[in-house]
Amino acid sequence: MVFLEPNSESLAQIHVFSEVIILDNGVVRLTISKPQGLLTGIKYGGMGNLLDIKSNELNRGYWDINWSLPGGEDRYQLLRGSEYSVITLSNDNVEVSFKSTYDPSIPGTKLPLTVDLRYIVRSGISGFYCYAICERPPGCPAFDLAQTRMAFKLRRERFHYMAITDEKQRIMPMPEDILPDRSKQLIVPESVLLINPINPDLKGEASENLFYHVDDKYQYSMDNKDGGIHGWISSHPIIGFWIIFPSHEFRNGGPTKQNLTAHTGPACLAMFHGTHYIGNDILAHFEEGETWSKVFGPFFVYLNSTTDMSKAHYLWIDAKNQRLFEESLWPYDFVSSPYYLTSKERGSATGRMFVQDRFVSSSLIPAKSAYIGLSGARTEGSWQTESKDYQFWVQTDSNGNFTIKNIVPGVYGLHGWVPGFIGDYLGKELVTISAGTQTQLGNLIYVPPRDGPTIWEIGFPDRTASDFYVPDVNPMYVNKLFLNSPEKFRQYGLWDRYTDIYPESDQVFTVGISDPKKDWFFAHVDRRNADNKYVPTTWEIKFNLKSVIGGIYKLRLAIASANRTDLQVHVNQMDIKHLVFQVLNLGADNAVCRHGIHGLYRLFSVNISSSLFFEGDNCIFLNQARGGDALCGVLYDYVRLEAPVPSEGS
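Going by the annotation in an unreviewed UniProt entry, the name recorded for the protein is Rhamnogalacturonan endolyase, with Fraxinus pennsylvanica given as the source organism.

A. Representation of the overall build of the protein. When you go through the protein residue by residue, the secondary structure sums to three helices and 44 strands. For 650 residues, the compact-globule estimate of 2.2 N^0.38 gives 26 Å, and the C-alpha radius of gyration of the protein, at 27 Å, lies within 12% of that figure. For the protein, the C-alpha atoms occupy an extent of roughly 85 × 65 × 55 Å along the three principal directions. In the protein, which comprises 650 residues, the proportion classed as buried is 58%. Sequence-distant contacts in the protein: of pairs separated by 6 or more residues, those separated by 24 or more amount to 71%.

B. Structural context of the nonpolar core. Within the largest apolar cluster, 109 residues are counted, with the highest numbers of intra-cluster contacts made by Phe152, Phe241 and Phe299. A total of eight residues in this core trace back to one element, the largest contributor, which is strand E24 (residues 292-306). The contacts of Phe299, once residues within four sequence positions are left out, are Trp63, Phe128, Tyr129, Cys130, Met150, Phe152, Ile243, Ile244, Phe245, Pro246, Ala270 and Phe272. Membership of the second largest hydrophobic core comes to 58 residues, among which are Val188, Tyr492, Leu612 and Val634.

C. Main features of the pairing of strand E8 (residues 93-100). Judged by how many residues are buried, E8 sits mostly within the fold: six of eight residues are covered. What sits between strand E7 (residues 83-89) and E8 in their antiparallel hairpin is a turn of three residues. Sheet topology note: the E8/strand E9 (residues 114-122) ladder contains eight bridges and is antiparallel. Paired with Ser97 across the bridge in E9 is Arg118.

D. Geometry of a nonpolar patch on the surface. On the surface, a cluster of nonpolar side chains totalling about 240 Å² of accessible area is made up of Leu364, Ile445 and Val447. Within the fold, Val447 resides in the loop between strand E33 (438-446) and strand E34 (454-459).

E. Up close: the state of the cysteines. This structure, assessed with the given rule, holds zero disulfides. In this model Cys134 remains outside any disulfide bridge; the closest cysteine sulfur is found in Cys140, 12 Å from its own. Cysteine Cys632 is unpaired, with the sulfur of Cys593 as its nearest cysteine sulfur at 11 Å.

F. Representation of unusual backbone geometry within the structure. In this model, Gly265 is joined to Pro266 through a cis peptide bond whose omega is -10 degrees. Its location among the elements puts Pro266 in the loop between strand E21 (262-263) and strand E22 (267-273). Positive phi values are uncommon outside glycine, yet His595 reaches one of about 60 degrees. Considering the arrangement of structural elements, one finds His595 in the loop between strand E41 (579-588) and strand E42 (602-609).

G. The UniProt feature "domain: Rhamnogalacturonan lyase" (unreviewed entry) in the protein, seen in detail. Per the UniProt record, "domain: Rhamnogalacturonan lyase" (unreviewed entry) is found at residues 369-441 and 454-641. Secondary structure within residues 369-441 divides into 0% helix and 45% strand; the distance between the first and last C-alpha atoms comes to 18 Å. Note that residues 454-641 is 5% helix and 43% strand, and that its end C-alpha atoms are spaced 6 Å apart.

H. Layout of the sheet that holds E24. Sheet architecture is open: nine strands sit in the order E7-E8-E9-E10-E24-E19-E18-E12-E13, paired in antiparallel fashion. Strand pairing shows two members of the sheet lacking a second neighbour, E7 and strand E13 (169-171), which therefore form its edges. The sheet shows a mean angle of 20 degrees between the axes of neighbouring strands, taken without regard to direction. Two elements, strand E10 (residues 127-136) and E24, share nine bridges in a ladder whose sense is antiparallel. Each residue of the ladder has a partner; that of Arg136, found in E24, is Trp292.

I. How the structure looks around the environment of Ala435. Take Ala435: it is sitting in the loop between strand E32 (431-433) and E33. Taking the relative accessible area as the measure of exposure, Ala435 reaches 42% and is therefore partly exposed. Excluding residues that lie within four positions of it along the chain, Ala435 makes contacts with Lys344, Glu345, Arg346, Gly347 and Pro409.

J. Local environment of the packing of aromatic side chains. Counted according to the given criterion, the structure contains 49 aromatic pairs. Positioned above the aromatic ring of Phe245, the side-chain terminus of Arg251 is 4.0 Å from the ring centre. Above the plane of the ring of Tyr340 lies Arg346, whose end atom (NZ or CZ) is 5.6 Å from the centre.

K. Spotlight on the side chain of Asn304. As for its placement among the helices and strands, Asn304 is situated in strand E24. Within the structure, Asn304 has its side chain in polar contact with the side chain of Trp242 (distance 3.0 Å).

What counts, and where the lines are drawn
- Residues numbered from 1 in each chain as written.
- Predicted model: local features only at pLDDT ≥ 70, side-chain atom pairs only at ≥ 80, totals over all residues.
- Heavy atoms only, no water.
- Helix = DSSP H or I, 4+ residues; strand = E, 2+ residues; numbered from the N terminus.
- Rg over C-alpha atoms; globule rule 2.2 N^0.38 Å.
- Buried < 20%, exposed > 50% of the residue type's maximum accessible area, 1.4 Å probe, protein only.
- Contact = heavy atoms within 4.5 Å.
- Core = buried A, V, L, I, M, F, W, Y, C linked by side-chain atoms within 4.5 Å.
- Pairing = 2+ DSSP bridges.
- Patch = residues over 30% accessible without salt bridge, like charges linked within 9 Å, V, L, I, M, F, W, Y side chains within 5 Å.
- Areas by Shrake-Rupley, 256 points an atom, 1.4 Å probe, with all protein chains shown as cover.
- Salt bridge = Lys/Arg side-chain N within 4 Å of Asp/Glu carboxyl O.
- Disulfide = S-S within 2.5 Å.
- UniProt positions renumbered as here; feature names shortened; annotations may be inferred.
- Axes fitted to C-alpha atoms, helices over the stretch in contact; angles between N-to-C directions.
- Phe/Tyr/Trp six-rings, centres within 6.5 Å; stacked < 30°, edge-to-face > 60°.
- Lys NZ or Arg CZ within 6 Å of the ring centre and 35° of its normal.
- Polar contact = N/O pair within 3.5 Å; in protein donor to acceptor, adjacent residues only side chain to side chain.

Written as structure tokens, this is what we have:
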């Protein structure tokens, strides 16, 4: 195996021409349009251009944004600079800028942002850094920011192998395979059934009863907390192209936000803001005149290579090690922008979290593997939809201890959630972070929602539906990558498997007898009837009460995802007198159709009068009341019924 090692004699250089500039460090050479800042060429490892030479130069390496005026339609726009400048020029480091300045005096509807696109090449480093500075100067009109990212389109005839995790790696379809003459579009626009792919291996194998192959970019989504590196490996020559996030602080939605990574194209994405798996709740709303600035990145594009085909897999291993190295360097000390703060300009916070639930333990419980974060959000759980400010998250150790490092100074809400317990933690006081100091947060006590002892519970509270039954995929719609995989929920069309399992009547779950992993379908969706129409569904939870305690029982519904659902809860009879909860048109997560196991977490606490229960057999009905929609529904995380606490002396 041979990697292109950094050459101590390779100096960072810049060559300026009329329409392009070239950044070169002896290992990698970038060609960037001037003054637009579009990346049109990457030369490395014996390949003249890693980017797709069959694509227009506008669509090879580019930044883009989705935005809208308040109440208006979504607008898609390429981000381009209008002013080129050199920020840093030395033998060790070259940083260049492509800036577009918002000018309110120019007539017409235009993006109310000043955007500065930056590229950095360092001496002898096998890759390059990219980031963007977005700023709203005074006087900007109101607008909503939906998505921003940088995208790379790689050589389609060379890059065929995609890698996202140790388990999620595969040879991908060609871009021609998803065109109408070689594929069939399915009910989800991004999903296609490969009918006649160029690579015959992607047709499936009749011996396995796999007739076709489905491809959908959403099947390769990742939580921020689980991602950080993804990319492609080419053939002839063998080159790895990797996007590495050394930090997620500049991405919206916190650690559980799901983002696209790589997909057929071959495309490789660096996502910063997006609405996927959340919906419009996560839009960043800016009022007229509101000022704002944020640095997106830098992220690192790492390049490696080998001459030995049998060692190609080691490119992935090497890239994972490079990710760890980049994380150790964060925040970088070579970025030249006053908006980007170095380690000395940042602060930290440390503390320990406990859980207090007297119905679980009489003692405080160390919050093991809890997520603790600082965010601009000020209410419980709203960090999930926070998009304007930076967020800083860590996981606690087995004793609940944590230290959050390299925090941008400011005032934050302190947030958290603990696997095994419902709800969200929110600190009572805001946290002020100052440069060069460590804020002592002390012992944090999270008291999860709880009124009484557990009568029964279904699932495990981890903000996903992964503890429930995920069916095998219909053989017509297989993606082989997710066969025998812990992420089998990534397969296409699982919503219709509910009808296959329950063709005429709905799911009935009997507490104490049924097994959530076998008998609780992961998604509460409509059922397709004989006329091929989707009809509402009602699930039953049957249980026995040896006695009924006077007072208010509490039903906890932890929702992992919801999409256009009308959810009703009845007790023992389905009529208005026994309706105890109703919420209409809940959610726009699209987690089911985008092959996710969670979206925006919600918690509902339902009061149920003891007068509605009987001594003996009882039933709670969960009614997904909206029909006519194949993709509406709800993913439950956890369901619990609590008894009233008897008053003293009763």
